Amino acid sequence: MIKLQESGEMYLETIIILSGKSNKVRSIDIAEYMGFSKPSVSRAVSILKDEGFIDVDNSGYITLTEKGEKIASNVYEKHVVITNLLIELGVSQEVADKDACRMEHVISDETFKVIKKHYAELMEKKTM
């Protein structure tokens, strides 16, 4: 998988989250969601577009390319699984979400695979 800086991963994750709410994502939506300035988001969007992670149409709507979708999905899955596992372990929703946001960018694929398996087994036992 292509390695992207944490900030790039955060933008791609934000785009996939916003795409789930509305299929029309613009830079202003990203800026509002992330709490960043419009110029900062505009610069990041330009870089992500130049590197082939996103497409921007003539109306300014942003979509993930296949390459961008792969990274965004991976980061978002890590976020969700880690957040849910931390909550199951007794961490508050707010802290679990913040911690998962940091962890999702540094955790190895090997470690995440084991965590994901453990979490699935934990959830399976809960439903029995």
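Figured I'd write up the structure that's included with this text. Along every chain, residues carry numbers that run from 1 in the direction the sequence is written. It should be noted that, the model being predicted, local features are given only for residues of pLDDT at least 70 and side-chain atom pairs only at 80 or more, the latter also being counted only at that level, while totals for whole chains, interfaces and linings use all residues. Think of the side-chain values as coming from all heavy atoms in the structure, minus any hydrogens and water.

## Looking at the overall build of the protein
- The secondary structure content of the protein amounts to 6 helices and 2 strands.
- Counting from the N terminus, the helices are the DSSP runs of H or I reaching at least four residues and the strands are the DSSP runs of E reaching at least two. Counting helices and strands in the order they occur from the N terminus, the protein gives α-α-α-β-β-α-α-α.
- Seen through its principal axes, the protein has C-alpha atoms that stretch 50 × 30 × 25 Å.
- Within the protein, contacts between residues at least 6 apart in sequence are counted, and of these 55% link residues at least 24 apart.
- For the protein, the exposed area adds up to about 8100 Å²; of that, 52% sits on carbon and sulfur atoms.
- All tallies of charge rest on Lys and Arg as positive and Asp and Glu as negative; His and the ends of each chain are not included. Throughout, a charge is located at the NZ atom of Lys, the CZ atom of Arg, the CG atom of Asp or the CD atom of Glu. Separation of charge centres in the protein, based on 17 positive and 21 negative side chains, amounts to 0 Å. Whether two residues are in contact is decided by their heavy atoms, any of which lying within 4.5 Å being enough. All accessibility values rest on the Shrake-Rupley procedure with a 1.4 Å probe; residue burial counts only the protein chains present in the view.

## Here we look at the layout of surface pockets
- A 1.4 Å probe that fits but cannot get out identifies a cavity on a 1 Å grid over protein atoms alone, an open set with protein on both sides within 12 Å along at least five of seven lines counts as a pocket, and a residue lines either if it has an atom within 4 Å of a point. Grid points are joined across faces, edges and corners, and a volume is the space filled by probe spheres set on the points. Looking at the largest pocket, its volume works out to about 250 Å³.
- Along the walls of the largest pocket sit Met10, Glu13, Thr14, Ile17, Tyr33, Met34, Phe36, Tyr76, His79, Asp97, Lys98 and Cys101, which together make up its complete lining.
- Considered class by class, the residues forming the lining of the largest pocket number 7 nonpolar, 2 polar and 3 charged. Gly falls in the polar group here, along with every residue not listed as nonpolar (Ala, Val, Leu, Ile, Met, Phe, Trp, Tyr, Cys, Pro) or charged (Asp, Glu, Lys, Arg).

## Some details on the packing of aromatic side chains
- Working definition: rings of Phe, Tyr and Trp (its six-membered ring) pair if their centres are within 6.5 Å, and the pair is stacked with planes under 30 degrees apart, edge-to-face with planes over 60 apart, and tilted otherwise. Following the criterion strictly, the structure yields 1 aromatic pair and no others.
- If you follow lysine 24 out to its NZ or CZ, it ends over the ring of tyrosine 61, 5.1 Å from the centre.
- One cation-aromatic arrangement involves lysine 67 over phenylalanine 53; the distance from NZ or CZ to the ring centre is 4.5 Å. Any Lys NZ or Arg CZ found within 6 Å of a ring centre and within 35 degrees of that ring's normal is scored as a charge over the ring.

## Concerning the side chain of aspartate 29
- On the secondary structure map, aspartate 29 appears in helix 2 (residues 27-34).
- By relative accessible area, aspartate 29 is classed as buried at 18%.
- With residues up to four places along the chain from it excluded, the contact list for aspartate 29 reads Leu18 and Lys24. Throughout, exposure labels follow a simple rule: accessible area from a 1.4 Å probe, protein chains only, divided by the maximum for the residue type, with under 20% read as buried, over 50% as exposed, and the rest as partly exposed.

## Points about the nonpolar core
- Within the largest apolar cluster, 22 residues are counted, with the highest numbers of intra-cluster contacts made by Tyr11, Leu12, Ile30, Leu48, Ile54 and Leu64.
- If you list the elements that add at least two residues to this core, you get helix 1 (6-21), helix 2, helix 3 (38-50), strand 2 (62-64) and helix 4 (66-88).
- Top element by residues in this core is helix 1. It accounts for 6 residues.
- When neighbours within four sequence positions are excluded, tyrosine 11 is seen to be in contact with Ile30, Met34, Phe36, Ser40, Val41, Ala44 and Leu48.
- To form a nonpolar core, buried Ala, Val, Leu, Ile, Met, Phe, Trp, Tyr and Cys residues must be joined to one another through side-chain atoms within 4.5 Å. Listed in part, the 9 residues of the second largest apolar core include Ile82, Leu86, Ala100 and Phe112.

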